Amino acid sequence: MGKVKSALKSYFSGFKFVPRVMLHPFKAFWELKHDGMARMSVSVTMIVMYILSKIIFQQFAAYSFNPMAVSPWNIDIIGLTIETLLILALWCASNWGLTTLFEGEGSGKDILHYTAYSLAPIIIITLVLTPLSHIMSADEAAVFSFVEGLATAWTGLLLFTGTMTTHQYGALRTLVTIFFIVCGMVLLVFIGLLFFFLLQQLVGLVYAIYREITMRY
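This section reports on the structure supplied with the text. (Residues numbered from 1 in each chain as written. Predicted model: local features only at pLDDT ≥ 70, side-chain atom pairs only at ≥ 80, totals over all residues. Heavy atoms only, no water.)

### Digging into the nonpolar core
Put simply, the test is: Joining through side-chain atoms within 4.5 Å is the link that ties buried Ala, Val, Leu, Ile, Met, Phe, Trp, Tyr and Cys residues into a set, and such a set is a nonpolar core. Throughout this description, buried means an accessible area under 20% of the type-specific maximum (1.4 Å probe, protein chains only), exposed means over 50%, and partly exposed covers the range between. Going along the chain from the N terminus, every DSSP run of H or I of four or more residues is numbered as a helix, and every run of E of two or more is numbered as a strand. Should any heavy atoms of two residues lie within 4.5 Å, those residues are counted as being in contact.
Counting 40 residues, the largest nonpolar core has Val 18, Val 21, Leu 32, Met 46, Trp 91 and Tyr 117 as the members making the most contacts within it. For this core, the leading source of residues is helix 4 (residues 40-60), giving seven residues. Beyond its immediate chain neighbours, meaning those up to four positions away, Tyr 117 contacts Gly 14, Phe 17, Val 18, Val 21, Leu 32, Met 37, Ala 38, Arg 39, Val 42, Ser 43 and Met 46.

The following block contains the structure:
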């Protein structure tokens, strides 16, 4: 029992660093990488919470601010989870590959950590907006959209700061790097689709040959 309490205490203590990342990103991201403040358990939990926050919003936010509330049967939890994890994997893979070429100092684990911790603002604000959507009127849609945009911008700023601090780049080089990271993500998707298409064609060819052989003999 004591080991369980100690493990839980260690687990929850790791989240004390999340507000620091949100409010003091430059120093916090440096500490994540160089001072061993990053916790894989926290990073994984942040990713899970991000997915859950999107699911909760789609399921429970008021229809005035949530298009999915009109047709909740169209909510695809599995598809949403796969899509989110795929985008995250593409970001980390493209980030690591390009920054390795561009003399970045961050490892794959560093990239995963700063990306996961950067999701904190959008997680918190989404979870706050979900119940608030039921007491806000349609006339306050502009305020709702502004707060949503603020969450996205805050997370984007943290991703920018995390990339710059982790890889030890200047601001301009970070902007250029992020642009190429996004291009790399698109390229990876194209290569994946091309590989899937070629594999599908190969399977079809093998099956056609098999059918031809079995019909003849």
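### Section: the pattern of salt bridges
The line we're drawing: Any Lys or Arg side-chain nitrogen located within 4 Å of an Asp or Glu carboxyl oxygen qualifies as a salt bridge.
Applying the stated criterion to the full structure yields two salt bridges. Close ionic contact of Glu 31 with Arg 20 constitutes a salt bridge, the shortest N to O distance being 2.8 Å. Here the residue Glu 31 occupies a position in helix 3 (residues 25-34), and Arg 20 occupies one in helix 2 (residues 18-23), the gap between them amounting to 11 residues. For Arg 20, a relative accessible area of 27% puts it in the partly exposed group. The partner of Glu 105 in a salt bridge is Lys 33, and the shortest N-O contact between them spans 3.9 Å. In this pair, Glu 105 is assigned in the loop between helix 5 (77-101) and helix 6 (108-118) and Lys 33 in helix 3, connecting sequence segments 72 residues apart. The partly exposed category is assigned to Glu 105, whose relative accessible area is 47%.

### Some remarks on helix 3
Among all positions in helix 3, only Pro 25, Ala 28, Phe 29, Glu 31, Leu 32 and Lys 33 are buried. On its buried face, helix 3 is in contact with helix 2, helix 6 and helix 8 (141-167).

### Observations concerning the state of the cysteines
The criterion, for reference: Defined by distance alone, a disulfide is two cysteine sulfur atoms within 2.5 Å.
Inspection of the entire model under this criterion finds zero disulfides. Between Cys 183, a free cysteine, and Cys 92, which holds the nearest cysteine sulfur, the sulfur-to-sulfur gap is 17 Å. Taking the relative accessible area as the measure of exposure, Cys 183 reaches 35% and is therefore partly exposed.

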